[in-house]
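In case you want the letters, here they are:
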Amino acid sequence: MYYSSGNYEAFARPKKPAGVDNKSAYIIGSGLAALTAACYLVRDGQMKGEHVHILEKEKLAGGACDGWKYEDVGYVMRGGREMDNHFEVMWDLFHSIPSIETEGVSVLDEYYWLNKEDPNYSLCRATVNRGEDAHTDGKFDISDKGAMEIMKLFFTPEEDLQDKKITDFFDDEVLNSNFWLYWRTMFAFENWHSALEMKRYIQRYIHHIGGLPDFKALRFTKYNQYESMILPMIKYLESFGVQFHYGVQVANVEFDCSDPKHKLAKRIDVIRDGKKEAIDLTENDLVFITPGSLVAHSSFGSQDKPARFAPELTPGDGWDLWKKIAAQSPEFGRPEKFCGDPEKSNWESATVTTLDEKILPCIEKICKRDPLSGGVVTGGIVSVKDSSWLLSWTINRQPQFRAQPEGQVCVWLYGLFTDVPGDYVKKPMRDCTGKEICMEWLYHIGVPEDQIEELAENSANTVPVMMPYIDAFFMPRAKGDRPDIVPKGAVNFAFLGQFAETARDTIFTTEYSMRTGMEAVYTLLNVDRGVPEVWGSTYDLRDL
């Protein structure tokens, strides 16, 4: 596997890898990284679709990239995805995935023209005093000393950032600035998170620093991430005959690591319909493993029920699998570094669905756009600067769901601090029902106090989701804590997703997940075509 840039290799079609007709693949999980690996197996690896098996313990594919309606609860989006024009692997793949909405065009075509004709930008990045514009006005509001702290981190080599926290480099000069408000709310960074990852972010997106205050750098899908991204990938894979196995839990993967130069995955232990089974593997059976999980132990609440904070790890979750795998070789990572302190890796989100027009005027006053226009609404998150929960909310193009009733608006919000009382609802966010979370949000967008409870009760339906490990990948880490995508000596296996290590790219992005899928397939099948390198703006004087 090697990296390349430019059109010469980007448009080349690789030759069929030697021996691929004799190979099979087993992909554990069906998140974005896993589906990407499957797509590259059939597109560039030219593996027979019926030889590709996706093992998913849930009833639906997609992993953390969700967007569903639960009949007894309502619309739910656990999170959202912000894309940019230099997600090189993402666009490499999506130019081949047919749109499921517009015949004859690709997902990339659809996405490109949508954002070209309706470009994203925010007209109000932050509020204070119950819905008033905070007038951050595009300014970072950072002192020379704070700017130099950022520059010091920018130039510090990664080997000197092992296990370092952001607060090892930043003090109040940065942490009290607009820059940090923009940054931490956009990416969900906490002060105690990884300085190494913060450095990667600054370098990776140096070309977008100017667009940080108003989000003009961002691109968004038309609908929620499940319908706009995951479903087209599933349809594409099904057209090749790829085998989806739902309701199959992978309990363990057994390895033979006796020869460091020839490490072999030899068996997958699964539980299917309550019965234990074993899938025996040969060198021609490739295994793609997604270790850990951002959304493990997610707890869904409802309008009248809190989402329970329940971080206790249990057999069968993504962390349990990774721990069993990691016990077999030090090269398979150290999961406890990421899942060991859920009080430092959690936040809570909620999906508010408006049921009538009564809340919309307060929204429109802040974002200065009609939420029902079908175009860009908030243009990214609006952060409530004086919120005890550090609440942020966003409204993407409506409808966010194809089946969403006309006149309804789906709002996504999240709070970084779930363990402190709110400003209107005097309870920690994690103890609040959907209605109470909606009341706190309505308070902060300026709804008159005598109307708040009635509107939260009758003009909205709110579904909270508590996620104990959603920021786990930001925990301070050192070299070796995440396994390499293809560890040294690995013959028939690779690691995928946010807890696999690849150089220069940044976690908590669709690009990172998809890059690990592409690199895994290209390495194990020796596909003779360059993987697009991470966009090199940090080396470009025009951006610097």
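What counts, and where the lines are drawn
- Residues numbered from 1 in each chain as written.
- Predicted model: local features only at pLDDT ≥ 70, side-chain atom pairs only at ≥ 80, totals over all residues.
- Heavy atoms only, no water.
- Buried < 20%, exposed > 50% of the residue type's maximum accessible area, 1.4 Å probe, protein only.
- Helix = DSSP H or I, 4+ residues; strand = E, 2+ residues; numbered from the N terminus.
- Arc of directions from axis to C-beta.
- Polar contact = N/O pair within 3.5 Å; in protein donor to acceptor, adjacent residues only side chain to side chain.
- Pairing = 2+ DSSP bridges.
- Contact = heavy atoms within 4.5 Å.
- Axes fitted to C-alpha atoms, helices over the stretch in contact; angles between N-to-C directions.
- Salt bridge = Lys/Arg side-chain N within 4 Å of Asp/Glu carboxyl O.
- Parallel < 35°, antiparallel > 145°, perpendicular 65-115°, else oblique.
- Left-handed = near helix turned anticlockwise from the far one by under 90°.
- Nonpolar A, V, L, I, M, F, W, Y, C, P; charged D, E, K, R; others polar.
- Phe/Tyr/Trp six-rings, centres within 6.5 Å; stacked < 30°, edge-to-face > 60°.
- Lys NZ or Arg CZ within 6 Å of the ring centre and 35° of its normal.
- Core = buried A, V, L, I, M, F, W, Y, C linked by side-chain atoms within 4.5 Å.

**Q** What should I look at first to understand helix H4 (residues 107-117) in this one?
**A** Residues of H4 that are buried include every one of Val107, Tyr111, Leu114 and Asn115, and no others. Seen along its axis, H4 keeps its buried residues to an arc of 90°; they face one direction. More than 90 degrees from the buried face of H4, the exposed residues found are Lys116 and Glu117. Regarding H4, its N-cap is Ser106, as a side-chain oxygen of that residue lies 3.3 Å from the backbone nitrogen of Leu108 further along.

**Q** Just checking my understanding: could you explain the sheet that holds strand E16 (residues 391-394) for this structure?
**A** Paired through their backbone hydrogen bonds, the strands of a sheet run either parallel or antiparallel. Strand order across the open sheet formed by eight strands is E7-E6-E15-E16-E17-E14-E18-E13, with mixed pairing between neighbours. What marks the edges here is a single partner per strand, and that holds for strand E7 (132-133) and strand E13 (299-300). Strand direction decides the pairing type here: strand E15 (residues 382-384) and E16, joined by two bridges, are antiparallel. Among the inter-strand pairings, Val382 is bridged to a residue of E16, identified as Trp393. Seen against the sheet, helix H13 (residues 434-444) touches strand E6 (126-128), strand E14 (347-354), E15, E16, strand E17 (409-415) and strand E18 (460-467) and runs at an angle of roughly 105° to E18.

**Q** Please explain the pattern of salt bridges as it appears in this structure.
**A** Between side chains of opposite charge, a pair can form as their charged atoms come close. For the structure shown, the criterion picks out 36 salt bridges. The salt bridge involving Lys222 is made with Glu101; its shortest N-O contact spans 3.7 Å. Taken together, the residues span a long stretch of sequence, with Lys222 in the loop between helix H8 (195-204) and helix H9 (225-239) and Glu101 in the loop between helix H3 (88-94) and H4 at a distance of 121 residues. A relative accessible area of 36% places Lys222 in the partly exposed class. As a salt-bridge pair, Arg200 and Glu501 come within 2.7 Å of each other at their nearest N and O atoms.

**Q** Got a minute to help me understand the side chain of Ser4 in this structure?
**A** Turning to its location among the elements, Ser4 is positioned in strand E1 (residues 3-4). Once residues within four sequence positions are removed from consideration, Ser4 is found in contact with Glu9, Gly530, Val531, Pro532 and Glu533.

**Q** Explain the environment of Lys164 to me, please; I cannot follow it from the model alone.
**A** Turning to its location among the elements, Lys164 is positioned in the loop between helix H5 (144-155) and helix H6 (172-175). Along the chain, Lys164 and Met475 lie 311 residues apart, while their C-alpha atoms are 9.5 Å from each other. Once you skip the residues sitting within four places of it in the chain, Lys164 turns out to touch Phe169, His193, Ser194, Ala195 and Pro476.

**Q** In this structure, what is going on with the packing of H13 against helix H14 (residues 449-458)? I would like to understand it.
**A** In helix packing, the relevant descriptors are the interaxial angle and the interaxial distance, both defined with respect to the helix axes. Contact geometry for H13 and H14: axes closest at 9 Å, N-to-C directions at 140°. In terms of their interaxial angle, H13 and H14 are classed as oblique. As H13 runs across H14, the sense of the crossing is right-handed. Touching Lys435, Cys438, Met439, Leu442 and Tyr443 of H13 are Glu449, Ile452, Glu453, Leu455, Ala456 and Glu457, all from H14. Of the residues belonging to the contact of H13 with H14, the class tally is seven nonpolar, no polar and four charged.

**Q** Would you mind showing me how to read the packing of aromatic side chains here?
**A** Aromatic rings considered in pairs are described by the distance between their centres and by the relative angle of their planes. Per the stated rule, a full pass over the model turns up 44 aromatic pairs. Taking the centre distance of 5.9 Å and the plane angle of 90° together, the rings of Tyr40 and Tyr522 count as edge-to-face. Here Tyr40 is found in helix H2 (residues 32-43), whereas its partner Tyr522 is found in helix H15 (residues 510-524), with 482 residues between them in sequence. For Tyr40, a relative accessible area of 0% corresponds to the buried category. Across the ring face of Phe309, the terminal group of Arg430 is positioned such that the distance to the ring centre comes to 4.2 Å.

**Q** Got a minute to help me understand helix H12 (residues 360-367) in this structure?
**A** Side chains of residues three or four places apart in an α-helix project in the same direction, reflecting 3.6 residues per turn. Looking at H12, one finds that the buried residues are Leu360, Cys362, Ile363, Ile366 and Cys367. The arc that holds every buried residue of H12, seen down its axis, measures 160°, which confines them to one face. The exposed residues of H12 that point more than 90 degrees off its buried face are Pro361 and Lys365. Of the surrounding secondary structure, the elements contacted by the buried residues of H12 are E6, E14, E15, E16, E17 and H13. Just downstream of H12, Lys368 is the residue with a positive phi angle, here 60°.

**Q** Please clarify how the nonpolar core should be interpreted in this entry.
**A** Counting 136 residues, the largest nonpolar core has Ile27, Trp183, Leu237 and Phe288 as the members making the most contacts within it. Among the elements that take part in this core, H2 stands out by supplying 10 residues, more than any other.

**Q** It is not clear to me how the sheet that holds strand E9 (residues 248-256) should be interpreted in this structure. Could you clarify?
**A** Read from one edge of the open sheet, three strands run E9-E10-E11, paired in antiparallel fashion. Only two strands of the sheet have a single partner each, and these edge strands are E9 and strand E11 (275-280). Ignoring which end each strand starts from, the neighbouring axes of this sheet average 20° apart. Relative to strand E10 (residues 264-272), E9 is paired through eight bridges, and the arrangement is antiparallel. Bridging across to E10, Val248 finds its partner in Arg272.

**Q** Would you mind showing me how to read the pairing of E17 here?
**A** Along E17, seven of the seven residues are buried, which leaves the element largely enclosed by surrounding structure. Bridge count for E14 against E17 is seven bridges, and the pairing is antiparallel. Looking at the pairing, Thr353 lines up with Cys410 of E17.

**Q** What exactly am I supposed to notice about the packing of helix H7 (residues 178-187) against H8 here?
**A** Interhelical geometry of H7 versus H8 gives an angle of 100° and a closest axis separation of 13 Å. Comparing the axis directions of H7 and H8 gives the class roughly perpendicular. Facing H7, whose interface residues are Phe179, Trp180, Trp183 and Phe187, H8 presents Met198, Tyr201 and Ile202. Here the contact of H7 with H8 is built from residues that sort into seven nonpolar, no polar and no charged.

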